[in-house]
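# Observations on chain architecture
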Amino acid sequence: MGELGRSYRFNDEMKWYELWQREGLFRPEVNPEGEPYCIVIPPPNVTGSLHMGHALNATLQDILIRWKRMQGFRALWLPGTDHAGIATQNVVERELGREGLDRYTLGRKEFLRRVWRWKEEYGERIINQLKRLGASCDWSRQRFTLDEGLSRAVREVFVKLFEDGLIYRDLRLINWCPRCHTALSDLEVEHEELEGRLTFIRYPLSGDEGGYVVVATTRPESMLGDAAVAVHPEDGRYKDLVGKMVKLPLTRREIPIIADEGVDPQFGTGAVKVTPAHDFNDEAIARRQTPKLPFISVIDDDGKMTDAAGKNYAGLDRYECRRKVLEDLKELGLIEKEQRHLHSVGHCYRCKTIIEPLSTVQWYVDVKGLAEEAVKAVRDGRIGLIPEGWKKSYFAWMENIKDWCISRQIWWGHQIPVWYCPYCKTEEGQHQGDLIHVTLYRPLNAGGDEVRGGTYTELRLRGLAPEDIVNNAKTVKVEMTVKPICSREDPGECPFCGSKELIRDNDVLDTWFSSALWPFSTLGWPDDTDDLKTYYPTSVLVTAFDILFFWVARMIMMGLRFMDDIPFHDVYIHAIVRDATGQKMSKSKGNVIDPLLMIDRFGADAFRFALTAFAAQGRDIRFSEERVEGYKNFINKLWNAAKFILTNTEGVVPASTHETSWRDDLDIPGRWILSRLSKTAERINTALGEYRFNDAANAIYQFIWHEFCDWYIELSKPIIYDQGRSGADTGADPAVKESRGLKAATLRCLLHTLDGSLRLLHPFMPFVTEEIWQALPHTDRSIMISPFPHPEESDADAEEKMSYIMEAISGIRSIRGELNMAPSLELTAQIKPNNPGIGEVLKGNALYISRLARTKKLEVDTAVRKGKGVATSVRDHLEVYVPLEGLLDVDSELRRLRKDLQKIEDSITALDRKLLNEEFLRKAPKEVVEKEKLKYNEFTLKKERILESIDKLQELKGEDDGRKKEGS
RNA sequence: GGGCGGAUAGCUCAGUUGGGAGAGCGCAGCCCUUACAAGGCUGAGGUCACAGGUUCGAUCCCUGUUCCGCCUACCA
């Protein structure tokens, strides 16, 4: 047993974390016999630092894990980080940029060394921040998506899907980020409404001097790549023009006017320019046409115009080019008009650069079949989404899912396990080496000549060694017809021609590809490990909705495919944390609140509790510091309660869970608080079982502050102090003896309830609970492995009787408060119980009433004779009178009573309406009618009593007034 | 364009099988009562967005309207 300082110092939180870690308490092996319970953490980016979303996410998982661990489960919270391909690469490239370098000057190998170095240096930052939060992850099992094991999993999955024909290459338009220099999946594109300009441009008709067609566009620069002008086939205005040609301004090309169903005659002029290589819509039109329209790429990887754009524009940035095109068109008098136009524009989710659709060869996963299975798993309830509302979006997305573009033109990540042989021939008989196009990041010397790129065959013929080519390649574009060699092991030679010279695919996989395997790759798959057998499928996944599609859906698909089982039973989808005004937090808005700052200022416990208490299902959290502060006060309250109990229970033998005989000596308040404690445990269990975190948090808050502190501790004081005074007694008096038993029992009850409260609170506030608990008599090493309180049968009798006591006390307090009487003023009070049974309870507990309500004299009798000058409080089971000779402020008491009367009359009127309604009597359930009748009787009784009091007062007032008149 | 969610006390929000409207903060009054003024006690404050409907009875179920968010989509 220890002593507690004056106030809780949360700065020492980490000493407990160190203890937990030292003792290995985060490992599931602390409960070797327990049923497995497992959560895999949504791996944060290695580049990341803890933000509010992480903090909430981790707090909720920690609550579940600590709760289950205390319940004896073999609870595993498996942590790790994600290599975050694009984000991490960006960070390191920026770093290089400051040194005047870029990744190409370093070359792939050296660049990757740099990234790993960066990762070793900074990659643990977010992990350490999670520790500050108190996250009880099993760090001995920590994983990283680029670990050897996880990489093997990725490779296995890729090869298997390739073999099954579910991974393929294709040439089509993709979302390209010119800044990150890579393809992106549809999900990685954020659409934002922007105000742009709709420009109406005249395209002169060929062979019809003066005739023209007007097209409207938001991207004038793309006209350089136009392949046609399209109109709706039914559009009368243009019917005659279909099949004719127009002269494409600023170029020497002529392009046809074609008909396509996809054109909206209502929009713009009804005629649209078609740029197949730079617009998804136009791509579709181009593919529908016979003959197919040509794809003319006028914008390159960097967002600059290509040679195909014409010599006036080649090399210009796409937006510079736009300005120049507009200028040039204006000069030619071909701009009819411009208007403002609101449209949504795709941005790179990593760097916010505007996406450029480019026609490239990429790798795709055919997800249709996988998605079907994943839909089934949710539809038939094998996986639960909580709150359920998300199912709808899940289904909607899954049912319209498009193939997943998984290749990225970056270096940090899992390189695609595919090789190409430059010496084999394609089915059409071409040399594959001629179809592999390499651009070098710097000119290489080849026999005296400077070489900047070319086909692989050319480069080899000019004398460059294979290593030189690969190591200096900026881009390697492999045409569609080249045969891929996909292999689990790096192939030493071509399986077809035996050539030892193979070129590996330059691209890496989307980071989400490896994240999709997380629930089983982290447990050891593809090996058949004990962990995998024990913990898969995992219990629950806790995450925010913004990665429902990115991650959750894909994990379900991959889990079902490769483990033949769901990856988790439940998915709990929590809120987004916003700022106090409801804005999403973002760096650009400058409204980000740093969780670590909150932890520094208020402690991790208060911060966690604030997040939890507001984590209601289906609603976003508006975060504000005040709330955290409020929970810091709660900690203070708890601390002081503990201090009080500890100083008063010195020497009290620890109340072991088995030894319960002391309970027999308890009186009503003691039995009541135990019953409430048990009820609270039950409420928390139910709430957490349903992922109703806010309910659970509020239940324990309510119990500790408003039941334990406000009532029980106050009620214990008369026992502790009064009996303490007579403690020196000989003990001959049986009443004293008995009360000694009561005192001992009360002290134990205080300790027991404090201990139980701490355990119930521990999952939410791990640090302060540990600190207090360590000061309590205890046997376990830590509260975090002590048993979570089991709900017992509730003590209805004690709860009922306690309500009488509470009514009596608050009745008296109410009169005191309402009539503005000083708390120090000791009153005389009379209580008239509704029946003798209630009276017995009140008499037996008179000590509590008089102490808490501060009375010097207390009379309890069903036949109490109400004096003339009394204040009255009418409660459900009793009436309270406080005679106020001389003190009575008759008018304010009358006002008070009339207010009560009004309330009760309103209720009675409402009930009247109901009970006089025959249909209600006939149709409503009997219990309800009975209840309403009972209420009616109760209320009328109450009303009569209040009326009686009013009468009495009015009588008195009459006399008073009379006296005053006489006196004057 | 399609879909989803929200509108309850001054503020932020709970309210799960439709049966007398709750919390926290804030506010007002009285109190430094020997755990805690980071506190105690008492209290004020709500036609549960609006309009219909179902029902004996609606904050809750249905329809519509208004306002506010979010997701999604190939409106050039």
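Scroll up a little and you will see the structure.
Summarised in this report is the structure supplied together with it. As a convention, each chain's residues are numbered from 1 in the sequence order in which they are written. Here chains are named by letter from A upward and ligands by number from 1 upward, in the order in which they appear as written. In keeping with the predicted nature of the model, local features appear solely for residues at pLDDT of at least 70, side-chain atom pairs appear and are counted solely at 80 or more, and the whole-chain, interface and lining totals rest on all residues. Values shown for side chains rest on all heavy atoms present in the structure; no hydrogens or waters enter the calculation.

### Some points on empty space enclosed by the protein
Note the cut-off: Cavities and pockets are found on a 1 Å grid laid over the protein atoms alone: a cavity is a set of points where a 1.4 Å probe fits but cannot escape, a pocket is an open set with protein on both sides within 12 Å along at least five of seven lines, and a lining residue has an atom within 4 Å of such a point. Grid points are joined across faces, edges and corners, and a volume is the space filled by probe spheres set on the points. Only runs of H or I of at least four residues qualify as helices and only runs of E of at least two qualify as strands under DSSP, and these elements are numbered from the N terminus. Here the nonpolar group is Ala, Val, Leu, Ile, Met, Phe, Trp, Tyr, Cys and Pro; Asp, Glu, Lys and Arg are the charged ones; every other residue, Gly included, is treated as polar.
Inspection of every chain in the model, using the stated rule, returns 2 cavities of 30 Å³ or more. Put simply, the largest cavity is a space of about 50 Å³. Looking at the largest cavity, the residues that line it are V438, Y456, I469, V470, A473, V476, I503, R504 and N506. Where the lining of the largest cavity is concerned, the elements lending two or more residues are α13 (466–472), β21 (473–478) and β23 (503–504). If you add up the space inside the second largest cavity, you get close to 40 Å³. In terms of lining, the second largest cavity is formed by N834, R875, D876, E938, L941, K942 and R945. Of the residues that constitute the lining of the second largest cavity, the class distribution is 1 nonpolar, 1 polar and 5 charged.

### A few points about the packing of helix α11 (residues 390–399) against helix α17 (residues 548–562)
Note the cut-off: Angles run from 0 to 180 degrees between N-to-C directions of axes, and those axes are lines fitted to C-alpha atoms, restricted for helices to the stretch in contact. For classification, angles of less than 35 degrees are called roughly parallel, those exceeding 145 degrees roughly antiparallel, those between 65 and 115 degrees roughly perpendicular, and all remaining angles oblique. The contact criterion used throughout is that any non-hydrogen atoms of two residues lie within 4.5 Å.
The geometry of α11 relative to α17 is characterised by a closest axis approach of 11 Å and an angle of 75° between their N-to-C directions. With respect to each other, α11 and α17 are oriented roughly perpendicular. Counting all contacts with α11, which are made through W390, S393, Y394, W397 and M398, the residues of α17 involved are L548, F549, A553, I556 and M557. In terms of residue class, the contact of α11 with α17 is built from 9 nonpolar, 1 polar and no charged.

### Observations concerning the protein's contact with RNA strand B
Spelled out, the test is: The cutoff for a nearby residue is simple: one of its non-hydrogen atoms must lie within 4 Å of the molecule or strand. The definition of a polar contact used here is a pair of N or O atoms within 3.5 Å, where within protein one atom must be able to donate a hydrogen and the other to accept one, and adjacent residues in sequence count solely through side-chain atom pairs.
Near RNA strand B, the surroundings consist of 54 residues, among which N281, R619, R692, K923 and F939 are the closest. Between T218 and RNA strand B, the recorded distance is 3.2 Å, taken from a side-chain N or O atom to a sugar or linking oxygen. Within the side chain of K935, a nitrogen or oxygen atom sits 3.5 Å from a phosphate oxygen of RNA strand B. Elements that contribute at least two residues to the surface near RNA strand B include exactly β8 (212–217), β13 (335–348), α20 (625–648), α22 (693–725), α25 (796–818), α28 (890–915), α29 (918–923) and α30 (926–967).

### A closer look at a positive patch on the surface
Our working rule: Each patch is built from residues lacking any salt bridge and having more than 30% relative accessible area; the joining distance is 9 Å for like charges and 5 Å for nonpolar side chains (Val, Leu, Ile, Met, Phe, Trp, Tyr). Computed by Shrake-Rupley with a 1.4 Å probe, the accessible areas treat only the displayed protein chains as cover when residues are assessed. Salt bridges, as used here, are contacts in which a Lys or Arg side-chain nitrogen is within 4 Å of a carboxyl oxygen on Asp or Glu. Residues scored as charged are limited to Lys and Arg (positive) and Asp and Glu (negative), so that His and the chain ends carry no count. Here the site of a charge means atom NZ of a Lys, CZ of an Arg, CG of an Asp or CD of a Glu.
On the surface, a cluster of positive charge is contributed by R94, R98, R125, R179 and K587. The residue R98 is located in helix α3 (residues 85–98) in this model.

### Considering the state of the cysteines
Stated formally: Only a pair of cysteine sulfur atoms within 2.5 Å qualifies as a disulfide here. Exposed residues in this analysis have more than 50% of their type's maximum accessible area, buried residues have under 20%, and partly exposed residues fall in between, with area computed by a 1.4 Å probe over protein chains only.
As enumerated under the stated definition, the model contains 0 disulfides in all. There is no disulfide at C405, and the cysteine sulfur nearest it, in C348, is 13 Å away. A relative accessible area of 4% places C405 in the buried class. Between C497, a cysteine without a disulfide, and C421, which holds the nearest cysteine sulfur, the sulfur-to-sulfur distance is 3.5 Å.

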